[in-house]
Every structure is written in C-alpha cells, then in structure tokens.
Amino acid sequence: MLIHHLVSAQSFSTTGNWVVSVPASTITEAGNNYTQGITSATDQTLMSLLPGTNNGQNRNGIWEVYISKEDSDWDSRLIISARRTGTGTPLANNNTITGGTAYTTTSATPSAFFSGRGGYSNIPIQYQVSGLSVVIPVKAYTTNITYTFLN
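About the criteria used
Within any chain, residue numbers begin from 1 and follow the written order of that chain's sequence. In keeping with the model being predicted, local features are shown solely for residues with a pLDDT of at least 70 and side-chain atom pairs are shown and tallied solely at 80 or more, while totals for entire chains, interfaces and linings include all residues. Note that water and hydrogens are dropped before the side-chain values are worked out from all heavy atoms of the structure. Numbering goes from the N terminus for both helices and strands, where a helix is a DSSP run of H or I of at least four residues and a strand is a run of E of at least two. With a 1.4 Å probe rolled over the protein chains alone, any residue whose accessible area is under 20% of its type maximum counts as buried; one over 50% counts as exposed, and the rest are partly exposed. Aromatic pairs are defined between Phe, Tyr and Trp rings, using the six-membered ring for Trp, whenever the two ring centres lie within 6.5 Å; interplanar angles under 30 degrees are classed as stacked, those over 60 as edge-to-face, and all others as tilted. Note on contacts: a residue pair is in contact if any heavy atoms of the two residues lie within 4.5 Å. Here a polar contact is recorded for every N or O atom pair within 3.5 Å, except that within protein the pair must consist of a potential hydrogen donor and a potential acceptor, and residues adjacent in sequence are included only if both atoms are side-chain atoms. What we call a nonpolar core is a set of buried Ala, Val, Leu, Ile, Met, Phe, Trp, Tyr and Cys residues that are connected through their side-chain atoms within 4.5 Å. The quantity called pLDDT is the predictor's confidence in a given residue, expressed from 0 to 100. Paired strands, in this sense, are two strands between which DSSP finds at least two bridges. Angles run from 0 to 180 degrees between N-to-C directions of axes, and those axes are lines fitted to C-alpha atoms, restricted for helices to the stretch in contact. A side-chain nitrogen of Lys or Arg and a carboxyl oxygen of Asp or Glu constitute a salt bridge if their distance falls within 4 Å.

**Q** Help me understand unusual backbone geometry in this model?
**A** Among all residues save glycine, negative phi is the norm, and among peptide bonds the norm is trans. The backbone of Asn-122 shows a phi angle near 55°, a positive value even though the residue is not glycine. The residue Asn-122 is located in strand E12 (residues 120-130) in this model. Classification of Asn-122 as partly exposed rests on a relative accessible area of 40%.

**Q** Looking at this model, I keep getting lost on the packing of aromatic side chains. Mind explaining?
**A** Each aromatic ring pair is summarised here by two numbers: the centre-to-centre distance and the angle between the ring planes. All told, the structure shown has 6 aromatic pairs when counted by the stated rule. Aromatic side chains Trp-63 and Phe-114 sit 5.9 Å apart centroid to centroid with 85° between the ring planes, which places their arrangement in the edge-to-face category. Taken together, the residues Trp-63 in strand E6 (residues 62-73) and Phe-114 in strand E11 (residues 111-117) connect sequence positions 51 residues apart. Taken as a pair, Trp-63 and Phe-114 share a single burial class, namely buried.

**Q** Is there a simple way to think about the environment of Ser-40 in this case?
**A** Locating Ser-40 in the fold gives a position in the loop between strand E3 (38-39) and strand E4 (45-50). Along the backbone, Ser-40 and Gln-128 are 88 residues apart, and their C-alpha atoms lie at a distance of 6.4 Å. Aside from chain neighbours lying at most four places away, what touches Ser-40 is Trp-18, Gln-126 and Tyr-127. Here Tyr-127 takes part through its backbone nitrogen, which lies 2.9 Å from a polar atom of the side chain of Ser-40.

**Q** So what exactly am I meant to see when it comes to the environment of Leu-78 here?
**A** As for its position among the elements, Leu-78 is in the loop between E6 and strand E7 (79-84). Placed 63 residues apart in sequence, Leu-78 and Tyr-141 show a C-alpha to C-alpha distance of 9.4 Å.

**Q** Which parts of the structure should I look at to understand the nonpolar core?
**A** In globular proteins that are soluble, nonpolar side chains generally tend to be buried together. Ranked by size, the top nonpolar core spans 15 residues in total, and within it Val-65, Phe-114 and Ile-125 carry the most contacts. At the level of secondary structure, the elements contributing two or more residues to this core comprise E4, E6, E11, E12 and strand E13 (142-150). Per element, the largest residue contribution to this core is 4 residues, and it comes from E12. Counting residues in hydrophobic clusters, the runner-up holds 6 residues, among them Leu-78, Ile-80, Val-129 and Leu-132.

**Q** Would you mind going over the confidence of the model for the protein with me for this structure?
**A** Any residue range with low pLDDT should be treated as having predicted coordinates unsuitable for detailed reading. Overall, the predicted model of the protein reaches an average pLDDT of 82, with 78% of residues at or above 70. The model gives residues 1-8 a pLDDT under 50, and that stretch makes 10 contacts with residues more than four places away or in other chains.

**Q** Help me understand the pairing of E7 in this model?
**A** Along any regular strand, the residues point their side chains to alternate faces of the sheet. Looking at chain direction, E7 and E12 are connected through 6 bridges and run antiparallel. When the sheet's bridge partners are listed, Ser-81 is paired in E12 with Gln-128. The pairing of E7 with strand E10 (residues 104-105) spans 2 bridges and is classified as antiparallel. When the sheet's bridge partners are listed, Ala-82 is paired in E10 with Thr-104.

**Q** What should I look at first to understand the sheet that holds E13 in this one?
**A** Hydrogen bonds along the backbone pair up the strands of a sheet, which may run parallel or antiparallel. Reading across the sheet, the 4 strands line up as E9-E11-E6-E13 and stay open at both edges, with antiparallel pairing between neighbours. Every other strand in the sheet has two partners, leaving strand E9 (96-98) and E13 as the edge strands with one partner each. Each adjacent strand pair in this sheet contributes to an overall mean axis angle of 25°, direction not counted.

**Q** Hey, could you run me through the pattern of salt bridges in this one?
**A** Once their charged atoms are close, side chains differing in charge can pair, the charge on each being opposite to the other. Counted by the stated rule, this structure contains 3 salt bridges. Between Asp-71 and Lys-69 there is a salt bridge, with its nearest N and O atoms 2.7 Å apart. Here Asp-71 falls in the partly exposed class, since its relative accessible area comes to 40%. Given a relative accessible area of 14%, Lys-69 falls into the buried group. One salt bridge connects Asp-73 with Lys-139, and the closest N-O pair in it is separated by 2.7 Å. With Asp-73 in strand E6 and Lys-139 in the loop between E12 and E13, this pair connects stretches of sequence that are 66 residues apart. With a relative accessible area of 34%, Asp-73 lands in the partly exposed category.

In structure tokens, the structure reads:
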C-alpha cells in the first residue's frame, strides 16, 4: 500500500519601513499633549500571504494574522497602532478577508489583527503614533512590529 501526501508550505511576506520625524514647529505650547496622532502612508507596509495545504485539503485555508511589537528604544507613553486600509489582491474569487480596519494598538503580547480565507497579495497596512507630548524627551525612538501568520 502506498500513501502519498501532498504538502505545500505556507508563504508570508511584508515589505515596508516607516521613519517619522516630528518637526519642532508642531510644538506650540509647553505642557500640552497632542491629541492628533501622526500617520504613515495608507500602504506603508504591503503584506502577502498564502496558506499552506495538507494533502490537498484546506486549499483555501483559513488563517489569522496577529500583531505585536518589540521595543528597541521606545518611550512607553508613545502608542503605535496599525490598521488594514484595503484588501489587497485576492488570489482566487472565493477568498475573504475580515477585520483589521480599525486601529489595533500594539504591545509585546500578540493581538488578533485580521483574518481570512485563501491567498492575498499586497494587503496595505497603515501606522499611527499617538501619545505625543512635550514632556517626552526629544530623541530617536525605535520599535519593531511583528506579524504572526497562523493557518
């Protein structure tokens, strides 16, 4: 008896990088916090994903994307959030994508970001930094956003 299993690996990639600078001219009054966040381009990161299959089953596999961050040098008063601003390009007609269109605040603990079924390319992601205040020291802050793809 010969049993043959077809297995294909899942594929997941992102492209993008955001460097933002807050000009001194935006700071107008000492002691004020700024309610308006700073946002990136609506397609700052482009995400492509393709769920894997096992023996030809789950061909249009159901998947989830989680988001978290790892601070390199970050002030905890600064809040970085992300949202999905479009669906990208579905790789088949019956694919679906849901959630993630409202800003999701990132933390060290992974949070559900959005989910779907089937493969997609070029899903656009936008970022927002809020919590800006004149009491936060002036310097370069760095954090890394991590996406986890489960299928």
